[in-house]
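# Fold and geometry: a report
The residues making up each chain are set out below.
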Protein chains: 4
Amino acid sequence: MGYSLAGFQSEMGISEEDRNSDWWAWVHDPVNIGTGIVSGDLPENGIGYWDLYERYHNLAVETGMDTARLGIEWSRIFPESTAGVKVTVDYDGHDLVSVDVDDRALEHLDRLANMRAVEHYRKIFSDVRERGMKLIINAYHWPIPIYLHDPIESRDSGLRNKRNGWLNHDTVVEFVKYAKYIAWKFEDLADMFSIMNEPNVVCGAGYFNPKAGFPPGFPSPEGGLLAKKHEIEAIARAYDAMKEATGKPVGLIMANGDIQAFSDEDHEAAEVATHSERYSFVDPLRTGEMKWVEALSQGRSFREKSAGYREDLADKLDWIGVNYYSRSVVRKSGQGYRVLGGYGYSATAGMRSKGGREVSDSGWEVYPEGLLNVLSSYWERYGLPMIVTENGIADASDRLRPGYLVSHMKYVERAIEKGMDVRGYLHWSLLDNYEWASGFSMKFGLYGVDLRTKKVQTRPSALVFKEIARARCVPEELEWMVQE
Amino acid sequence: MGYSLAGFQSEMGISEEDRNSDWWAWVHDPVNIGTGIVSGDLPENGIGYWDLYERYHNLAVETGMDTARLGIEWSRIFPESTAGVKVTVDYDGHDLVSVDVDDRALEHLDRLANMRAVEHYRKIFSDVRERGMKLIINAYHWPIPIYLHDPIESRDSGLRNKRNGWLNHDTVVEFVKYAKYIAWKFEDLADMFSIMNEPNVVCGAGYFNPKAGFPPGFPSPEGGLLAKKHEIEAIARAYDAMKEATGKPVGLIMANGDIQAFSDEDHEAAEVATHSERYSFVDPLRTGEMKWVEALSQGRSFREKSAGYREDLADKLDWIGVNYYSRSVVRKSGQGYRVLGGYGYSATAGMRSKGGREVSDSGWEVYPEGLLNVLSSYWERYGLPMIVTENGIADASDRLRPGYLVSHMKYVERAIEKGMDVRGYLHWSLLDNYEWASGFSMKFGLYGVDLRTKKVQTRPSALVFKEIARARCVPEELEWMVQE
Amino acid sequence: MGYSLAGFQSEMGISEEDRNSDWWAWVHDPVNIGTGIVSGDLPENGIGYWDLYERYHNLAVETGMDTARLGIEWSRIFPESTAGVKVTVDYDGHDLVSVDVDDRALEHLDRLANMRAVEHYRKIFSDVRERGMKLIINAYHWPIPIYLHDPIESRDSGLRNKRNGWLNHDTVVEFVKYAKYIAWKFEDLADMFSIMNEPNVVCGAGYFNPKAGFPPGFPSPEGGLLAKKHEIEAIARAYDAMKEATGKPVGLIMANGDIQAFSDEDHEAAEVATHSERYSFVDPLRTGEMKWVEALSQGRSFREKSAGYREDLADKLDWIGVNYYSRSVVRKSGQGYRVLGGYGYSATAGMRSKGGREVSDSGWEVYPEGLLNVLSSYWERYGLPMIVTENGIADASDRLRPGYLVSHMKYVERAIEKGMDVRGYLHWSLLDNYEWASGFSMKFGLYGVDLRTKKVQTRPSALVFKEIARARCVPEELEWMVQE
Amino acid sequence: MGYSLAGFQSEMGISEEDRNSDWWAWVHDPVNIGTGIVSGDLPENGIGYWDLYERYHNLAVETGMDTARLGIEWSRIFPESTAGVKVTVDYDGHDLVSVDVDDRALEHLDRLANMRAVEHYRKIFSDVRERGMKLIINAYHWPIPIYLHDPIESRDSGLRNKRNGWLNHDTVVEFVKYAKYIAWKFEDLADMFSIMNEPNVVCGAGYFNPKAGFPPGFPSPEGGLLAKKHEIEAIARAYDAMKEATGKPVGLIMANGDIQAFSDEDHEAAEVATHSERYSFVDPLRTGEMKWVEALSQGRSFREKSAGYREDLADKLDWIGVNYYSRSVVRKSGQGYRVLGGYGYSATAGMRSKGGREVSDSGWEVYPEGLLNVLSSYWERYGLPMIVTENGIADASDRLRPGYLVSHMKYVERAIEKGMDVRGYLHWSLLDNYEWASGFSMKFGLYGVDLRTKKVQTRPSALVFKEIARARCVPEELEWMVQE
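Everything numeric here is computed off the predicted structure, so don't read it as measured data.

Cut-offs used in this document
Residues numbered from 1 in each chain as written. Chains lettered and ligands numbered in written order. Predicted model: local features only at pLDDT ≥ 70, side-chain atom pairs only at ≥ 80, totals over all residues. Heavy atoms only, no water. Contact = heavy atoms within 4.5 Å. Buried area = accessible area lost by both parts, 1.4 Å probe. Salt bridge = Lys/Arg side-chain N within 4 Å of Asp/Glu carboxyl O. Helix = DSSP H or I, 4+ residues; strand = E, 2+ residues; numbered from the N terminus. UniProt positions renumbered as here; feature names shortened; annotations may be inferred. Buried < 20%, exposed > 50% of the residue type's maximum accessible area, 1.4 Å probe, protein only. Polar contact = N/O pair within 3.5 Å; in protein donor to acceptor, adjacent residues only side chain to side chain. Nonpolar A, V, L, I, M, F, W, Y, C, P; charged D, E, K, R; others polar. Least-squares fit on C-alpha atoms with pLDDT ≥ 70 in both. Axes fitted to C-alpha atoms, helices over the stretch in contact; angles between N-to-C directions. Parallel < 35°, antiparallel > 145°, perpendicular 65-115°, else oblique. Pairing = 2+ DSSP bridges. Right-handed = clockwise from strand over helix to strand, strands pointing away.

Taken together, the contact between chain D and chain C spans 29 residues of the former and 28 residues of the latter. Of the roughly 2100 Å² buried where chain D meets chain C, counting both sides, 64% is carbon and sulfur surface. Viewed at the interface, chain C and chain D are joined by zero salt bridges. When contributions to the side of chain D that touches chain C are tallied by element, the ones reaching two or more residues are helix H3 (30-34) and helix H8 (151-156) of chain D.

Moving on, we come to the UniProt feature "active site" (unreviewed entry) in chain A. All names here are of chain A. The UniProt record annotates "active site" (unreviewed entry) at Glu390. If you trace the backbone, glutamate 390 turns up in strand S12 (residues 386-390). Residue glutamate 390 is classed as buried on the basis of its relative accessible area of 4%. Ignoring any residue separated from it by four or fewer positions in sequence, one finds glutamate 390 in contact with Ser4, Arg69, His141, Asn197, Glu198, Val322, Asn323, Tyr324, Tyr325, Leu426 and Trp428. Side chain to side chain, glutamate 390 and arginine 69 meet in a polar contact 3.0 Å long.

Here we come to the interface of chain B and chain C. Facing the 23 residues of chain B at the interface are 23 residues of chain C. Carbon and sulfur atoms make up 58% of the area that chain B and chain C hide from each other, which totals about 1800 Å². Considering only the side of chain B, the residues that lose the most area to chain C are Arg399, Leu463 and Trp480 of chain B, jointly responsible for 36% of the buried surface there. Inspection of the region where chain B meets chain C yields four salt bridges. One salt bridge connects glutamate 476 of chain C with lysine 455 of chain B, and the closest N-O pair in it is separated by 2.6 Å. At the boundary of chain B and chain C, one finds eight residue pairs in polar contact (both at pLDDT 80 or more). For the side of chain B that touches chain C, the secondary-structure elements that each account for two or more residues are strand S15 (456-458) and helix H15 (460-471) of chain B. With six residues, the single largest contributor to the side of chain B that touches chain C is H15 of chain B. Among the residues forming the side of chain B that touches chain C, the class breakdown is ten nonpolar, three polar and ten charged.

Moving on, we get to the relation of the copies chain B and chain C. The transform that puts chain B on chain C rotates by 180° and translates by 0.1 Å along the axis, for an RMSD of 0.1 Å. Both chain copies can therefore be described as sitting about a two-fold axis. Minimal C-alpha distance to the rotation axis in chain B is attained by arginine 399 of chain B, lying at 2.4 Å. Both copies contact each other with a shared surface, as 100% of the interface residues of chain B are interface residues in chain C too.

For the rest of this paragraph, the subject is the packing of helix H6 (residues 103-112) of chain B against helix H9 (residues 169-186) of chain B. Residue and element names in this part refer to chain B. Between H6 and H9, the least distance of the axes is 10 Å, while the angle of their chain directions is 85°. In this view, H6 runs roughly perpendicular relative to H9, as classed from their interaxial angle. Residues Leu106, Leu109 and Asp110 of H6 form the contact with H9, whose participating residues are Lys177, Lys180, Tyr181, Trp184 and Lys185. Class assignment of the residues belonging to the contact of H6 with H9 gives a composition of four nonpolar, no polar and four charged.

Here the focus is the relation of the copies chain D and chain C. For the match of chain D to chain C, the screw axis carries a shift of 0.3 Å, the RMSD comes to 0.1 Å, and the turn is 180°. Comparing interface residues between copies, 97% of those in chain D also lie at the interface in chain C; the contact surface is shared.

Residue and element names in this part refer to chain A. Counting buried positions along strand S13 (residues 422-427) gives five out of six residues, so the element sits mostly inside the fold. Where strand S1 (residues 2-4) and S13 come together, two bridges link them in parallel fashion. Along S13, the bridge assignment pairs glycine 2 with leucine 426. In the sheet, S12 pairs with S13 via two bridges, with the strands oriented parallel. Among the inter-strand pairings, valine 388 is bridged to a residue of S13, identified as tyrosine 425. Note that the unit made of S12, helix H14 (residues 401-417) and S13 has a crossover that is right-handed.

The pair of protein chains exhibiting the most contacts, out of four pairs of chains in contact, is chains C and D. Structurally, chain A and chain C remain out of contact, their C-alpha atoms never closer than 12 Å. With no contact formed, the shortest span from any C-alpha in chain B to any C-alpha in chain D equals 11 Å.

The amide bond that connects proline 215 of chain B to the next residue, proline 216 of chain B, takes the cis arrangement and shows omega of 0°. Positionally, proline 216 of chain B belongs in the loop between helix H10 (199-207) and helix H11 (221-245). Of note, the amide linkage connecting tryptophan 428 of chain B to serine 429 of chain B takes the cis form, showing an omega dihedral of 5°. Structurally, the position occupied by serine 429 of chain B is in the loop between strand S13 (422-427) and strand S14 (447-449). Residues other than glycine seldom take positive phi values, yet glutamate 16 of chain C does so here, at roughly 60°. Along the polypeptide, glutamate 16 of chain C turns up in the loop between helix H1 (7-10) and helix H2 (22-28). Here glutamate 16 of chain C falls in the partly exposed class, since its relative accessible area comes to 33%.

Given below as structure tokens:
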């Protein structure tokens, strides 16, 4: 039991701003701020994990945590382009089927890398290990170096620019270099690696849903599908490269809702949605089967096409990370589906959901049984070891979090009782942090942090977590909070 | 006392779809529908005013109404380009200072015009007049012919395409032709003309606020300001042209919130907002003074620059139409301002506003005293005759509308008592209609319409309206509903 | 279609206070006011029907009404005791089986009667008739002359005092004198007579439920059951007496909820409740069957005993008045039943009911279909002509009343369509009035009255009523408001 | 820091029902249950403290508590009348000025006492002491032996019966015997004694406010004032007697609201209310001044009369226990005051208070600063050592309790910082218990108890309490929850 955090969301606040990523540019863009696409909150006013990591790790240990999943910021390691590092790349038509990052390339990368950042990450990671916690290092949690993705340019040119992120194979190649480099460099400190966190959100929110406030914020289903394909290739290629550098398990973390049919008529729509948002991402990396679901982000229409098998993609996952917060209720819509408002991730803060459930500050319905459903879905389809890599709630007043915590943990226990191989539960998160386009208003921490003084605020749920951690299960006295 | 309605929002539903406008393309675009930018409701399922106008006019008369403000759809009159019609256009640098549409041009336009549409509009308008109601004809209520504005192309090219609406002077010139043509053609039926309805919303929602769901939905402050300049030129040039064709008063209708400072520290911000959203549009057309406020739609930052006087723009308003629904509460933000959530147009449906007021289905706070404030603001600054050209509420259950109606009418009476020249009150609207990106869900009618059967549903507020119309003032027995 | 009103609730406010009743004493008692048993509002600040009846009758006619049901205050007609008037009374054991009020007694009563009051009532009633409205005169609507019932004394002595209202047969005998006297005196002006309004509330609220704030407010199930028996005897004896004096139909008005079982297990409980609250009152007066349900007011326990038939009670109803406002949902509880909170008359103002319905200012759930159920229940059991003699809603803001009105009237239409003999719908009420222990805060009027100025306030629902009255049915355009 | 509990509310549930008190009779009375005066929940289904005290004491210790305030049930110690025990009683007119319970009387009492109960209480109390907790023994927490008070009889006879509780001096005399007996008997186990808990509620709710559901539930201001006088005499006489038997501090525990004026016009009313509800009870026992405020419970009218000084009452308090839950906002009303709905103890569950605060399940507003005000009021007037002897919240979901706890404790700290002599904070309560007329629905525990299985349920606030107890102050990390 432990926590997950991401670099961009938590590192800044005291020293060492990292201005070299697309997300930095995106949240500082005056047009984005002026039009309300992003909150106007700025990550450089954050909780300062970069400097205060010892304090925070201490807190984690006091809370009974034994695992931390932390991310590395690509743009911190390589603030300047790595394009000059020679690697061998093979294509089969439009498909990138191999990237060979050899030792010479690794040494070249080592000369290009920002050693201060490398050393600082080593200090942070060593501190985790020295406190007896396990460490999962995640390579990619959304920001891309600005030299590979200028989201303002991408938006303003209608995605016609050169530095357009996952729409370019360049990004894939450079990512593989970076991924192998960190596997090589942090091999000794990691217990496990994760290649990417929620790549499905990156292509979905970035290209299908301009209201989400994700870069490049330009609606383009074609762009989204291309980004998805490239992300999958990047994962497969990075897996190959990382496994050369490390014997540690290498996995992938996915974003999930428990996708449910609204009525009996909507079962096919729910299946389509599940393929579109979950299986179409993971299937290729497990079986090599490329079965595209061309879906708009809200999934209101779709077209499926099978692109056959790609040997080069299959069997690239040692474990799966399951992030879960709420459900999605879908209805048939045309040939596709649409997500119903009032339920799951589409409920409204300050009101009960249409399902009569509590709703978080971010408008997400509390729906704990969905975690079990999602775990089952992965388990039955892939049979891989799983970790719940994110689960939590934006709840500034901490009124819902104790029950949320207990209920979701209980469903993890049930998953284990049913024989699923669930190896951990990582809460999102130990601390409040920077919630992307929503800024600091969404408070996901067991502990709050006063952004001015950086003082820590204990929420009751932190105490509840500790009780569970101490018992290594949900103790009977807390079971009354389980919602089912 | 009467009602206002717009063509695109009400005409379709039975026969004669008009597919030749940017708004038609916009609300049918699968990307827009799929991403939730627009509702997915379609105007061709509307209330069928084109066919049922007699029934609806009858209803208006029964409700005690004596005035109708109706719009003409540009794309119905000229489904094909009028670019071939020769007119003399003068520029002074980038400023369009004159468009001369002579008689030969008018005749050419007459040959190009869709005579079935012209004749049908004459029938509709004659029916209004024959029932003893006055008629205000509005030339422009948002849709632009597709040959002048392809909003999908505009969005996807980052506004780099040719058919990009108000960003082109072409659109101004063609609008002037159209405006003169209808003034010439409907001169005998109109009591008054309005050149445009809420041009400030067109540039604001279209270019500053992609979440509004207005075409082209591409965030570009520069684009928005250019569109604003061109709209102002179009109004001035159309005024000149229309006045050649008609002796009837020609005015302009503006969208308004009562802009208020949140605290004493925010008075400057409120002033900036009022300039940005109101005066910067009307001042040029009254005094010729071009004093730009370069503001983002949420007004979070701004820069003011005076561009001196333009003789060619001054004195182009015979009257002003004031549309009013709610207020805006603003705070200082950087050098500019930001609109506070929870108040005015930014409240939340289903909850009280932060000011403790009722809130409509569209999340707009009921704030009747703001109408008096807005009327005063226009009266003091411009001294022109005014008509309240829109005022109403999305309220499917009709719980708020009776009080809304009585209260706002009472404030109109107070404006008149204070000596302001307010010549009428037109409710938005007689009937439910198509609320742009929100579709049919927002119900603004004194009467509902069953979209399937087109049957009319009387709301209690229609009966209240009738009582007021009969008394020609708010009768004492209804004054208890006035909110102040 | 018309309205109902009661003397105590509406007459006072300008002149002629009537201080001679138990209710006057009750609502002025400092202990009652101080302990919150009653509101502290006083009837002498009321709407002044006694003086303003012409204005109000005019309003009724304008609203399209054709019937008024008005009450006479017993204590106005006989401010002093009528015990000295000789009549022949027969008992069979404890049962009062006959009261003979002969002509000599009538003349004696005529000498004792307050002629100013008699004449004033004649003026009020004549005014109704002269405006073309039908008139139903109701003899008893709760207040009892203080010389027959001193509720403070009753409460403080634990019901051991002499002047203890319906617990004494004296009250029955004096009531019969009064009832015959008014039938004799107002025979020419009435279209129909009602003997009592909601006698079931008088014994229920007065003796079973001290929280209701009804005199004598002393919990005593035995007292309540005795009061009930005496009321039934009073109705039967008054019927006999009144029929000697008039050929007009003489009926009884009952209070009703639509009593429903919460679940399948609760059907018996619902049946018990229906007997307890409805049939046990009406059965004796129809068939002579005395089948007591000894129930506590909340009905949590009960014991049934049949006391055989009483010939002297049977067939005493020419018509039944059905008052209906909401439902009651009951569950089995011990051998009896209990009324569930959150539904029907036990919902909470300001929240939805547990059934998801709207709730009035008095905490009563809007449940229109219940009116049809109640009418069916009477129709099937008794087959008598019925009038909906009360139906309305405490709704100061008039948000619920339009829909309430339309929906309930629609259910009356359905009752008629199903073949039931429903002869009228009387709204409670034309005007706001004095709601007993709740005082003036509960506003039941189609029209409000400013208590200071006595000025009338038109509510939108008054206009809706007028539309329905004009059409003599719920017009199609208003049917959208019907809730089902 | 510790907790308070009362015998009747917690002891029963497993073995040893105590049926010999007025409250037992009251909550089992079918009329009370049937009329909803009491909940129908029964104390014999309670949490079983009598049997499970070790488990619960263990829980208290685990929660970091160091003090328990427990009550003894009079009717358990003396199930039969003690009237036969001879004591010397002196009267001065109607005033009971001395009761001398000599050793012989104590021995007589010892023979009459139920030794099983005495021994069992000794076991419970010893267990407290053996766990290192301090013990405050409270003699009277509301139930009176049935032989001294038959509340059904009292109610039904209009308080004319013999066994009518505090209306008889007999009750005073027997109470003094009992009080001295337990001081003598439990002297070795108690750290402090309290004579009574909230005697002001007993006379207020019992005689002024029949809706409160307290025995005898008969409205009688005279009765209430007499009961109040007798309670004060009982406290003074018991103090004298107990001090003969023990050297431990003997105090009194009062119920409190923070009484506030609604507006500037209402300051006098607030002062009157504070005298009526607080000072008129404590002043006599401190200074001997009898200054009656004859107030109705809602205080809507009042009359003050000074009855001079009584030497025999003065200086009978070693310490004061302050129970605090919320505030009362009052307005002037006639010559007295009335408590405003929507605030303090008169808010509504499920809605915000009119002051915009959170509201508990029992409809009590969360108003922590009021605790400081109340403590100041006692401190300034009496200068005695104080203990916060009750403070807590009915909050089944535990959403408000963590903040409630932290905020109120913080205000205790502030009281201490300001120099007040506050010696402890006892939470109401460690465990859910039987909330008198409201039954089990109001859940005041840091821990819940499943009434069927008697299993304990940990609420997050129990963990918060523990953190505070461990730090012996509100730790900085929890201060964010303080509401001010």
